[in-house]
Amino acid sequence: MMHGKMAVGSAGGKGSIKKLIKALKPYSFQIALSFLFIAVSTVLSVYAPQWLSKLTDEIMDNAATQSIDMKKIMNFAIVLIVFYSSNALCNYFAYFIMTTVTQKYARRLRSGISRKINKVPLGYFDKHQYGDTLSVVTNDVDTISQSVDQAITMMLSSLCMLVGVLVAMFVTSWKMALTVLLIVPLMLILIMIIAKIAMPQFRKNQECLGEMNGKVEENYTGQIVIRAFNASDKMTADFEKSNSRMKRGVFKAQSIAGVMQPAMSFISYFAYAAVCVVGGLLMNSGDPAVSFGTITAFLVYVNLFQSPMSQLAQSMNSIQMAPAASSRVYDFLEQEELSDETGKSYKLLDGGNRIRGDVEFKNVRFGYSPDKVIIPDFSASVKAGMKVAIVGPTGAGKTTLVNLLMRFYELDGGDITIDGVSIKDMPRAEVHDIFGMVLQDTWMFEGTIRENILFSKTGVSDEKLEEIMKEAGIAHYVHTLPGGLDYFMENESNVSGGQKQLITIARAMAENSPLLILDEATSNVDTRTEEVIQTAMDRLTEGRTSFVIAHRLSTIKNADLILVMRDGNIVEQGKHEQLIAMNGFYAGLYNSQFANE
């Protein structure tokens, strides 16, 4: 398991917001259309209180004489109903359009991340937890989607409403409008203070969420080991630490942000009181622009004015989460990618050329980091059709050598050639097509046995598939399953480790690549199954250059060449009998395994 965690991008919140705005440019038309609906909704909301003012004045003026014109009252009421109904429809269309935009954007982000995963070097996953990367794909993208959906719509709606209400208030009574405006500085100061305090906490919460997802991934994938070592309490305690940090962080951030809404409401109450007091004074002074209807309209305007301010405050919670989430997403999307190979064409597999399988390592140098060189200077020549075994103690560089051969990592120095052609001059896809692989860690995915064996291979007939299964020693097992090849594996735990290993070997056989890499291919099987696999491997490797990594030296006695590695160098090479006769490092490894036999 990798123990790094996703860092927040160096660009910070402002840089991430700029990238977010730039990424939304393709949706400018939809956003503009949403804005149009919001503007229409605002006009309707702002103009409706004028009719409410007329309705109030009509009632107040005729209440004393009890000669209220109900037909006129009903007309006013119908107009208000039409206004508010149209307002609701416009709001619905505005939110519908923005939701569509944000979901399309979220889909594009996930697609971009999915493509990026296949472009970043494997070294990236050496430094980051899988759970943390998964959190970027799921939680962070969802956070951005929700933030954009809520924030943009709310902010556009709120800003339109603020401008519209201000214009309507000044048109109605500039004196009372100035009274309402006294609350604006208080609201703005409150928003800025709370945003400044809460934003770092929201950013930290996204990091904590990624860390916690990493712990969850470890707990789920390592259940067998955890239970075997009675480490449930320890793992639970580690998770609870992350969970508690997450709880404290979310509580702190939401508590700070949660102050905004009630504080805004509290401030708006002063505006209600001020409108009533100032309106009453203006009426007493005989101001012709102020009436009971005007005061009623202004009370509505105060609410309309306070509402967008409250919405702005509410949207700040989402806005503050967006920079943190987008920083992590764009940090991943901006990771260094594998070198561009668009100018490279297939060298060996193009035109139906037959690959001989000559492989040469020329002064290969490599380290996972500049200060830690794993392979200082490695050279070896492998002739076509040879079965080459690579042995050595843990950390000698065996698997690293295979990773370099497959171009999973790039060389720091030297070269590797296949039939005289440098793998640097080949596209990675060609190198991967040249080699078939059977790894120590078996991998099954949800699907049928047929799909797991064929995987990305097409055009394999049932007859050929049956032959492959017989060679891999898995035909009898498959035919005992319900549905045979069409048996659906929902959970690979119902397949034994040995059978999974046999399926991956059958997968390599179906690939039918000219060269083979077998990394501890028989490590998870019993002695009898090992014999079956060994026989199948002898048939599979016949006529093909093959590289076999093995700790169980009994499996590579018949190798044409054994490369003995130690500290990244070849210290001995030759056939089994020759190396035993040398009584050197290999002989010591072999005798330590079979001392009791």
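Every residue gets a number counted from 1 within its own chain, in the order that chain's sequence is written. Given that this is a predicted model, residues contribute local features only at a pLDDT of at least 70 and side-chain atom pairs are listed and counted only at 80 or more, while totals for whole chains, interfaces and linings are drawn from all residues. Hydrogens and water are ignored here; the side-chain numbers use all heavy atoms of the structure.

## Notes on the overall build of the protein
Next, step 1: Numbering of helices and strands starts at the N terminus; helices are DSSP runs of H or I of at least 4 residues and strands are runs of E of at least 2. Regarding its fold elements, the protein presents 20 helices and 12 strands.
Next, step 2: Whether a residue is buried, partly exposed or exposed follows from its accessible area with a 1.4 Å probe, protein chains only, as a fraction of its type maximum: under 20%, in between, or over 50%, in that order. Counting every position in the protein, which comprises 597 residues, the buried fraction comes to 48%.
Next, step 3: Note on contacts: a residue pair is in contact if any heavy atoms of the two residues lie within 4.5 Å. Within the protein, contacts between residues at least 6 apart in sequence are counted, and of these 79% link residues at least 24 apart.
Next, step 4: Residue burial considers only the protein chains on display, and all accessible areas are found by Shrake-Rupley using a 1.4 Å probe. A total of about 29800 Å² of accessible surface is found on the protein, and carbon and sulfur atoms cover 58% of it.

## Here we look at unusual backbone geometry
Outside of glycine, negative phi angles account for most residues, and trans bonds account for most peptide bonds.
Next, step 1: The backbone of Asn363 sits at a positive phi, close to 45°, despite the residue not being glycine.
Next, step 2: Residue placement: Asn363 occurs in strand β1 (residues 359–369).

## Quick word on the packing of aromatic side chains
Next, step 1: Between 30 and 60 degrees the pair is tilted, below 30 it is stacked and above 60 it is edge-to-face, where a pair is any two Phe, Tyr or Trp rings, Trp via its six-membered ring, whose centres lie within 6.5 Å. Across all of its chains, the model carries 10 aromatic pairs by this definition.
Next, step 2: Measuring from centroid to centroid gives 6.3 Å for Phe361 and Phe547, while their planes differ by 90°, and the two rings are edge-to-face. One end of the pair, Phe361, is in strand β1; the other, Phe547, is in strand β10 (residues 545–549), with 186 residues separating them in the sequence. For the pair formed by Phe361 and Phe547, the shared burial category is buried.
Next, step 3: The aromatic ring of Phe455 is capped on one face by Arg507, whose charged end is 5.3 Å from the ring centroid. Charges are assigned to positions over rings by a cutoff of 6 Å between ring centre and Lys NZ or Arg CZ, combined with an angular limit of 35 degrees from the ring normal.

## Here's the deal with the pattern of salt bridges
Next, step 1: Salt bridge, as applied in this entry: a Lys or Arg side-chain nitrogen positioned within 4 Å of an Asp or Glu carboxyl oxygen. Counted by the stated rule, this structure contains 13 salt bridges.
Next, step 2: For Glu341, the salt bridge is made with Arg407, and the minimal N-O distance between the two is 2.7 Å. Remark: Arg407 occurs in the loop between α12 (398–405) and β4 (413–418) and Glu341 occurs in the loop between α11 (292–333) and β1; sequence separation between them is 66 residues. When sorted by exposure, Glu341 lands in the same class as Arg407, which is buried.
Next, step 3: Here Asp486 and Arg450 are joined by a salt bridge, their closest N and O atoms 3.5 Å apart. Here Asp486, found in the loop between α16 (475–480) and β8 (488–489), pairs with Arg450, found in helix α14 (residues 449–454); they are 36 residues apart in sequence, far enough to count as distant.

## Regarding the sheet that holds strand β12 (residues 569–574)
Next, step 1: Pairing between strands is defined by DSSP: at least two bridges between the two strands are required. In space, the 6 strands of this open sheet follow the order β6-β9-β10-β3-β11-β12, with mixed pairing throughout. Strand pairing shows two members of the sheet lacking a second neighbour, β6 (435–438) and β12, which therefore form its edges. On average, each strand axis in the sheet is inclined to that of its neighbour by 20°, with strand direction left out of account.
Next, step 2: To get an axis, a line is fitted to the C-alpha atoms, and for a helix only the part in contact is used. The angle between two axes follows their N-to-C directions and goes from 0 to 180 degrees. Set on the sheet, α12 makes contact with β3 (387–391), β6, β9 (515–519), β10 and β11 (561–566); between it and β10 the angle comes to about 145°.

## With respect to the side chain of Thr504
Next, step 1: Among the structural elements, Thr504 can be located in helix α17 (residues 497–511).
Next, step 2: Classification of Thr504 as buried rests on a relative accessible area of 6%.
Next, step 3: Excluding anything up to four places from it in sequence, Thr504 contacts Val438, Thr442, Trp443 and Met444.

## Remarks on the nonpolar core
Next, step 1: We call a set of buried residues a nonpolar core when its members are Ala, Val, Leu, Ile, Met, Phe, Trp, Tyr or Cys and they connect through side-chain atoms within 4.5 Å of each other. Ranked by internal contacts, the top residues of the largest apolar core, which has 41 residues, are Ile449, Ile453, Ile474, Ile556, Ile562 and Tyr586.
Next, step 2: Top element by residues in this core is α17. It accounts for 7 residues.
Next, step 3: Discounting chain neighbours no more than four positions away, the residues touching Ile449 are Val478, Leu481, Gly484, Leu485, Tyr487, Met489 and Ile503.
Next, step 4: Counting 36 residues, the second largest nonpolar core, distinct from the first, contains Val382, Ile418, Ile423 and Ile434.

## Some words on the sheet that holds β4
Next, step 1: Read from one edge to the other, the open sheet built from 4 strands follows the order β2-β1-β4-β5, with strand pairing classed as antiparallel. Two strands in the sheet have a free side with no partner beyond their single neighbour: β2 (372–382) and β5 (421–422).
Next, step 2: Relative to β4, β1 runs antiparallel, the two being bridged by 5 bridges. Directly across from Arg365, in β4, lies its bridge partner Gly413.
Next, step 3: Against the sheet, α12 touches β1, β2 and β4, its axis set at about 110° to β1.

## Considerations on the environment of Asn303
Next, step 1: Mapped onto the secondary structure, Asn303 falls in helix α11.
Next, step 2: Overall, the relative accessible area of 37% leaves Asn303 in the partly exposed class.
Next, step 3: Asn303 sits 38 residues away from Ser265 along the chain, and the two C-alpha atoms are 9.6 Å apart.

## A word on the packing of helix α15 (residues 462–472) against α17
Next, step 1: Two numbers describe how α15 lies on α17: the axes approach to 9 Å, and their chain directions differ by 130°. In terms of axis orientation, α15 runs oblique to α17. Where α15 crosses over α17, the handedness of that crossing is right-handed. Two secondary-structure elements touch here, α15 through Ile468, Glu471 and Ala472 and α17 through Leu502, Ile505, Ala506, Met509 and Ala510. Roughly parallel means an angle under 35 degrees; roughly antiparallel means over 145; roughly perpendicular covers 65 to 115; every other angle is labelled oblique. Note on convention: near helix rotated counterclockwise from far helix by under a right angle means a left-handed crossing. Clockwise means right-handed.

## Regarding the pairing of β4
Next, step 1: The buried count for β4 comes to 5 of 6 residues, which makes it a mostly enclosed element.
Next, step 2: In terms of strand pairing, β4 meets β5 through 2 bridges, oriented antiparallel. Within the sheet, the bridge partner assigned to Thr417 lies in β5 and is Ser422.
Next, step 3: Counting the residues that bridge the hairpin from β4 to β5 gives 2 residues, and of these Asp419 lies at a positive phi of roughly 55°.

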